[in-house]
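A look at the structure
The residues making up each chain are set out below.
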Amino acid sequence: MKNNLMKKLMPYTFIFPALLLLILFSIIPIIISLVISFTNLDITGLGNWGAVKFIGLSNFINLFHDSLFLQAVGNTLFYVVIGVPAVIALSLAIAIMINFGQNRFFKLMRLVFYTPSITNTVAVAVVWTFMYNPSTGLINNILNQIGLGSVGWLTDQNVAKIALIILAVWKAIGLNMLIFLAALQGIPKDFYEAAELDGASWWQQTIHITIPSLKFSIFFVSVTTLIGWFQFFDEPFVMTKGGPLGSTNSVALFVYQNGFQQSNFGYAASASFVMFAAIILATLIQFKLQNKQQNG
Amino acid sequence: MVELNLEHIYKKYDNADDYSVTDFSLDIKDKEFVVFVGPSGCGKSTTIRMIAGLEDITEGDLLIDGKVVNDELPKNRDIAMVFQNYALYPHMSVYDNMSFGLKLRKYSKEDIDERVHNAARIIGLEEYLDRKPAALSGGQRQRVALGRAIVRDAPIFLMDEPLSNLDAKLRVSMRAEIAKLHRRLQTTTIYVTHDQTEAMTMADRIVIMKDGKIQQVGTPQEVYDNPANLFVGSFIGSPAMNFFDVTLQNNRILDRKNNFSLEVPEGCLKVLQSKGYAGKRLKLGIRPEDIHTENTFIKVFPNATIKTTVNVSELLGAESQLYCKVGDQEFIAKVNSRDHIQPGAELIVGLDLNKGHFFDPETELTIY
Ligand SMILES: Nc1ncnc2c1ncn2[C@@H]1O[C@H](COP(=O)(O)OP(=O)(O)OP(=O)(O)O)[C@@H](O)[C@H]1O
Ligand SMILES: [Mg+2]
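Conventions used here
Residues numbered from 1 in each chain as written. Chains lettered and ligands numbered in written order. Predicted model: local features only at pLDDT ≥ 70, side-chain atom pairs only at ≥ 80, totals over all residues. Heavy atoms only, no water. UniProt positions renumbered as here; feature names shortened; annotations may be inferred. Helix = DSSP H or I, 4+ residues; strand = E, 2+ residues; numbered from the N terminus. Buried < 20%, exposed > 50% of the residue type's maximum accessible area, 1.4 Å probe, protein only. Contact = heavy atoms within 4.5 Å. Lys, Arg positive; Asp, Glu negative; His and termini not counted. Charge placed at Lys NZ, Arg CZ, Asp CG, Glu CD. Buried area = accessible area lost by both parts, 1.4 Å probe. Salt bridge = Lys/Arg side-chain N within 4 Å of Asp/Glu carboxyl O. Nonpolar A, V, L, I, M, F, W, Y, C, P; charged D, E, K, R; others polar. Pairing = 2+ DSSP bridges.

Per an unreviewed UniProt entry, chain B goes by sn-glycerol-3-phosphate ABC transporter ATP-binding protein UgpC and derives from Leuconostoc litchii.

An unreviewed UniProt entry lists chain A under the name Sugar ABC transporter permease, from Leuconostoc litchii. If you open the UniProt record of chain A and go to Sequence similarities (unreviewed entry), you find "Belongs to the binding-protein-dependent transport system permease family." Quoted verbatim from the Subcellular location (unreviewed entry) field of UniProt, the annotation for chain A is "Cell membrane".

Side note on the overall build of chain B
Broken down by element type, chain B carries 10 helices and 20 strands. Each of the three principal axes of chain B carries a C-alpha extent, and together these read 75 × 45 × 35 Å. Across the 368 residues that make up chain B, the buried fraction comes to 51%. Sequence-distant contacts, at least 24 apart, represent 65% of the contacts inside chain B between residues at least 6 apart. Taking the average location of the 45 positive side-chain charges in chain B and that of its 53 negative ones, the two points are 3 Å from each other.

Notes on the interface of chain A and chain B
Facing 17 residues of chain A, the contacting portion of chain B comprises 22 residues. Carbon and sulfur atoms make up 60% of the area that chain A and chain B hide from each other, which totals about 1700 Å². At the boundary of chain A with chain B, the tally comes to 2 salt bridges. With a closest N to O distance of 2.7 Å, R49(B) and E193(A) form a salt bridge. Mapped onto the side of chain A that touches chain B, the elements with two or more residues apiece are α9 (189–198) and α10 (202–213) of chain A. At 9 residues, α9(A) tops the list of elements feeding residues into the side of chain A that touches chain B. Broken down by class, the residue content of the side of chain A that touches chain B amounts to 7 nonpolar, 5 polar and 5 charged.

A few points about the sheet that holds strand β19 (residues 346–351) of chain B
The strands that make up a sheet are held in pairs by hydrogen bonds between backbone atoms, and each pair lies either parallel or antiparallel. Spatially, 5 strands are ordered β15-β19-β16-β17-β18 (chain B) in an open sheet, and the strand pairing comes out antiparallel. One side of each edge strand has no neighbouring strand; the edge strands of this open sheet are β15 (291–292) and β18 (329–336) of chain B.

The structure is reproduced here in structure tokens:
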């Protein structure tokens, strides 16, 4: 009897430390920030708790009338819509190409593409800021050399978003490429041999064998990439501070600006909850699509 | 009509030091069922993969219908292949697996549909066309792999150990099914196995390989009755042929430790002597079923008997296998189970030397 109880409790004792950390540093803060998002907590509220009042949904209502927030939402959607497919397509394509060959050159390429993802974002961003510099930067210099005009990479409102996406994609390829490479190496060789005898060209083999066999890793990479891009922060924070004229501002950066620069904690918390909900929603939709595809 | 000629084919893998296949020459006739058999690593898969075009041929020529196809792509060789692990595309239904090759070859929808249903009928999987391979049993997957070869209507089938992933019972029934399929479709087939029973039961002709070289080519009967060398003798047949180290002296062969002495039949003796083996060492090979315990045999051939001890005796129904020992030499006799012997018993057995095989101990080639 007692023994039985011990047996049942055993697994919980094993996960208890991890669970404790999760509750302490994730669940409780999430709940607290949810509570805060319904209050007018700001810098005065921190010193004088009596001034903190529940204000219902007004933070959320204000958010959707705040043109800065709406701009940040628009920018974030732009990042997600361009960035996520770009990361998946490029890391997949590069993984397939690297998987093609066995010799030293391909091993070197693996390193070349992986390195960006293990370097520090801030350091990289600083270097790229130099490269993007309109008058002295490397990229514009090259463009000028081949007879093309200069581009205001971080100063032109229309281009700045793209410039940040290029950097973030470049940095994200490495890890995802590695995931795809691992999956590619798990595809049995005889699938390709059978397909070759069936008369499939290299391209047809890629479409009909490789991509379907990578379904699960493509799904995994799209979920993690999507979540990452919804929280797009480092690049605009370091390189543009959301400018010029808010054109590169993201929701995550908006939360930071309101919470930590202007100390509107309640307002920032509500914005972060909108982001949270959007991520959950997008992930759920992906799971649904995945299930449908599997059963269909 | 299709004819396949392999002319002095060699294969050396890029990363290997030695040739994996050496001087492989074989002519395969239309509608023939040829089985490559041999121990693991002897180059069976390498050879069949060169025929399919999945491996380059290092030297020599491969001809299909008189045309050298060494440099043709696999898809242009019009060959269908069944793989050991089936190689079914896991994300496609049975129907799509079978029709994939036809779609790529731009067959019409109606044609594809007819061929797939026809093949499904032959392999008995009509109800399973919508299933994914994961939802099929091993035997059913193997059938789909066969079906995928059938729909193509290719003149040549290659099969590389198609049954080795199945359990023993299923293997026997699939063996019969493939043989039946071949009788029905009459497709020229090359079948690879390391199981000599499969080879003996299915083949029109057997190609026995070892270390990348052909040891012998012949019908099952031929290679069983007249093995070209000691390896073939030992590889074909179950239980395996027994071997004795003997010396030819006058008209008798003597065991080296004088445990027995047997009279050599006249015809055989003449050949051995004329080939210069008088007084020389020989290897005697004799199949378990050519060792007799019946009184009649022992009375008629009193000079062909050995006194042995039976170590183990296995009753297999109509037959018994006796594991015998003479001196330190062990051998197996397969006898009628009426003559079943208790283990530990002393026993006189007669060796039917007319059915015996003599091999040169150095070259291991057959002398008689
Ligand atoms: N890709 C390869 N690279 C180098 N050597 C290889 C390669 N494939 C096979 N070999 C070698 O070639 C020889 C023949 O191999 P093969 O696969 O043809 O044997 P097999 O007769 O099919 O054996 P099994 O019954 O185990 O399948 C072996 O010595 C093997 O090590
Ligand atoms: Mg093999």
